[in-house]
Amino acid sequence: MDKSRLSIKDRLTLNKLEKEYRLNSNCEFIDIVNGTYSIYFENFSNDLKNTFNIKNLDNTVVKSKIKSWEITEILKVTHNYDIIVISDEYFKVKVKLINTELFFLNFIDKKISNHIGLDISYYNENKKFTNVFYDEEYEIQNYLKKWN
């Protein structure tokens, strides 16, 4: 990615993000990518949809249940050594997964600790699909879109 066109703030964010992924033992950092992969992160309303109701009887939301469900759904279709492009806040990061379960557990924990929500979206380059989780008020929606 050409960093010269980015603001100083974006360059600092990008450098921090790259360092974070390079130090992550659950993946092998490949690159920061953006525009090239944008098509894989758009328009999921007509694709395979799976919904998980997260509202408990007392109207509380237990994030550990959400995390567990997301991990289960991810591990059904994504495995060690798959190459993925994952949306991490403002940038998309391309990595080769070494330990898929720990990678996503840590990714979700980071989102929870930063109060970002539980949205996850990634493109699996090996298997040609995009997997998206949207955090709604009382449910998580999961879309899986296969590409030709």
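Now for a quick tour of the structure. Not measured: the values here are computed from a predicted model.

Volume-wise, the largest pocket comes out at about 200 Å³. Along its surface, the largest pocket is lined by 13 residues, and Ser87, Asp119, Ile120, Ser121 and Tyr134 are the ones closest to its centre. Elements with a contribution of two residues or more to the lining of the largest pocket: helix 3 (100–113), strand 5 (120–124) and strand 6 (129–135). In terms of residues, the lining of the largest pocket owes the most to one element, strand 6, which gives three residues. A per-class count over the lining of the largest pocket returns eight nonpolar, two polar and three charged.

A full pass over the atoms with the stated rule returns one cavity of 30 Å³ or more. Approximately 30 Å³ is the volume found for the largest cavity. Lining the largest cavity, in full, are Asp88, Glu89, Phe107, Lys110, Lys111 and Ile116. If one sorts the elements of the lining of the largest cavity by residue count, helix 3 sits on top with three residues. The residue makeup of the lining of the largest cavity, split by class, is two nonpolar, no polar and four charged.

Let's shift gears to the pairing of strand 4 (residues 91–97). Most of strand 4 sits inside the fold, with six of its seven residues counted as buried. Here strand 1 (residues 27–33) pairs with strand 4 via six bridges, running antiparallel. For Glu28, the partnering residue across the bridge sits in strand 4 and is Lys96. Note: strand 3 (residues 83–88) against strand 4, six bridges, orientation antiparallel.

Attention now moves to the packing of aromatic side chains. For the coordinates displayed, the defined rule picks out seven aromatic pairs. Measuring from centroid to centroid gives 5.8 Å for Trp69 and Phe133, while their planes differ by 90°, and the two rings are edge-to-face. Taken together, the positions of Trp69 in helix 2 (residues 63–77) and Phe133 in strand 6 put the pair 64 residues apart, joining distant regions of the chain. Just as Trp69 is buried, Phe133 falls in that class too. Pairing Phe104 with Tyr122 gives two aromatic rings, centres 5.1 Å apart and planes at 45°, and the pair type is tilted. Of the two residues, Phe104 sits in helix 3 while Tyr122 sits in strand 5, which places them 18 residues apart along the sequence. Following the ring pairs from residue to residue traces out a cluster consisting of Tyr21, Phe103, Phe104, Phe107, Tyr122 and Phe129. One Lys or Arg, Lys145, reaches over the ring of Trp147 and ends 4.8 Å from the middle of that ring.

Calculation rules
Each chain carries its own residue numbering, running from 1 in the written order of its sequence. This being a predicted model, a pLDDT of at least 70 is required before a residue's local features are given, and a value of 80 or more before pairs of side-chain atoms are given or counted; all residues contribute to the totals for chains, interfaces and linings. Heavy atoms throughout the structure, all of them, feed into the side-chain values; hydrogens and water do not. A pocket here means an open set of points on a 1 Å grid, computed over the protein atoms alone, that has protein on both sides within 12 Å along at least five of seven lines. A cavity is instead a set of points where a 1.4 Å probe fits but cannot get out; residues with an atom within 4 Å of a point line either one. Grid points are joined across faces, edges and corners, and a volume is the space filled by probe spheres set on the points. Helix and strand definitions here come from DSSP, where helices need a minimum of 4 consecutive H or I residues and strands a minimum of 2 consecutive E residues; each element is numbered from the N-terminal end. In the scheme used here, Gly and all other residues not listed as nonpolar or charged are polar, with Ala, Val, Leu, Ile, Met, Phe, Trp, Tyr, Cys and Pro taken as nonpolar and Asp, Glu, Lys and Arg as charged. Between buried and exposed lies partly exposed: a residue is buried under 20% and exposed over 50% of the maximum accessible area for its type, with that area taken using a 1.4 Å probe on protein chains only. For two strands to pair, DSSP has to find at least two bridges joining them. Note on aromatic pairs: the rings of Phe, Tyr and Trp (six-membered ring only in Trp) are paired at centre separations within 6.5 Å, and the planes decide the class, stacked below 30 degrees, edge-to-face beyond 60, tilted for the rest. The criterion is that NZ of a Lys, or CZ of an Arg, lies within 6 Å of the ring centre and within 35 degrees of the ring normal, and then a charge sits over that ring.

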